[in-house]
Amino acid sequence: QLNDPTNLTASFSKNLYITSAALADKGSSGAAEEQDILNQLVAQEASKIISTTFTYKDLKVDTKETKTSIKVYGNEMAKILDGIITKKSMADSFSGLKSFIDTQDAQGLTALTKEYQKMDSVLQKLLAVSVPVSASAYHLLTLNRIGAYRDLLYNLSVASSDPIRARLVIDKIPTTLVST
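Residues numbered from 1 in each chain as written. Predicted model: local features only at pLDDT ≥ 70, side-chain atom pairs only at ≥ 80, totals over all residues. Heavy atoms only, no water.

**Student:** Could you clarify how one ought to interpret the packing of aromatic side chains in this entry?
**Tutor:** Any two aromatic rings considered together are summarised by their centre-to-centre distance and by the angle between their planes. Applying the stated criterion across every chain yields a total of one aromatic pair. On the numbers, 5.5 Å between centres and 50° between planes, the contact of Tyr116 with Tyr154 is tilted. Of this pair, Tyr116 sits in helix H5 (residues 110-128) while Tyr154 sits in helix H6 (residues 136-157), placing them 38 residues apart in sequence. (Phe/Tyr/Trp six-rings, centres within 6.5 Å; stacked < 30°, edge-to-face > 60°. Helix = DSSP H or I, 4+ residues; strand = E, 2+ residues; numbered from the N terminus.)

Following this line, the structure appears as structure tokens:
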């Protein structure tokens with residue numbers, strides 16, 4: 001895991017080791033300087049978390065919009081988005097996260113992983129839909145909101161192997177859920 005370029009905990013550990021060795025050689029100015037360096041290292045790792053962003057180019061836009069194509073689009077969207085986030089899925093995911101936090105048993109993250117895979121599948125379906133021009137802005141908003149939720153789920157689901165990544169996004173749960 002130390003050689004995994006996407007593992008923020010491994011990257012942080014390496015940078016902390018290098019920094020502490022340099023401080024040992026040079027001599028530290030005190031606890032305030034060390035805390036500042038630690039904060040900089042955490043901020044550096046936080047900047048590596050990049051949310052998936054979809055643009056107009058990612059859409060399959062139907063330029064020949066008709067009443068029929070709008071109806072087909074609406075029916076397709078209803079099928080895709082039906083039950084996307086439910087009280088049960090949220091309760092399972094976040095009680096699993098709490099279980100992991102309490103016990104450090106990675107089994108608790110299983111529900112988050114399943115929910116992440118579900119959201120990934122939803123995104124693939126949304127990207128495949130032929131979108132009427134008049135719905136493109138709303139479709140793009142939907143893609144980006146679900147993409148942010150999927151990214152959040154991924155970041156939390158890897159808490160056992162990358163706890164820093166999970167810790168850096170845990171505060172985003174309420175706002176991401178509400179916007180999604």
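That shown, we press on.
**Student:** Can you help me understand the environment of Asp102 in this one?
**Tutor:** Topologically, Asp102 is positioned in helix H4 (residues 87-103). Each C-alpha atom of the pair Asp102 and Asp25 lies 39 Å from the other, and the pair is 77 residues apart in sequence. At 2.7 Å, the side chain of Asp102 forms a polar contact with the side chain of Lys98. (Polar contact = N/O pair within 3.5 Å; in protein donor to acceptor, adjacent residues only side chain to side chain.)

**Student:** Can you help me understand the nonpolar core in this one?
**Tutor:** It is characteristic of soluble globular proteins that their nonpolar side chains tend to be buried jointly. Grouped together as the largest cluster of nonpolar side chains are 32 residues, with contacts concentrated most on Phe94, Leu97, Leu112, Leu126, Ile146, Leu156 and Ile173. Mapped by element, the contributors of at least two residues to this core are helix H3 (67-81), H4, H5, H6, helix H7 (163-169) and helix H8 (173-179). Setting aside residues up to four positions removed in sequence, Ile146 forms contacts with Leu81, Ile84, Met119, Val122, Leu123, Leu126 and Thr180. (Core = buried A, V, L, I, M, F, W, Y, C linked by side-chain atoms within 4.5 Å. Buried < 20%, exposed > 50% of the residue type's maximum accessible area, 1.4 Å probe, protein only. Contact = heavy atoms within 4.5 Å.)

**Student:** Would you mind showing me how to read H4 here?
**Tutor:** Each full turn of the α-helix corresponds to 3.6 residues, which orients residues three or four apart in the same direction. Compared with an ideal rise of 1.5 Å per residue, which puts 17 residues at 24 Å, H4 spans 24 Å between its outermost C-alpha atoms and is within 8% of the ideal. When H4 is considered as a whole, its buried residues turn out to be Ser89, Ser93, Phe94, Gly96, Leu97 and Phe100. One side of H4 carries all its buried residues, which in axial view fall inside an arc of 145°. Exposed positions of H4 whose direction lies more than 90 degrees from the buried face are Lys87, Lys88 and Asp102. (Expected span 1.5 Å × (residues − 1). Arc of directions from axis to C-beta.)

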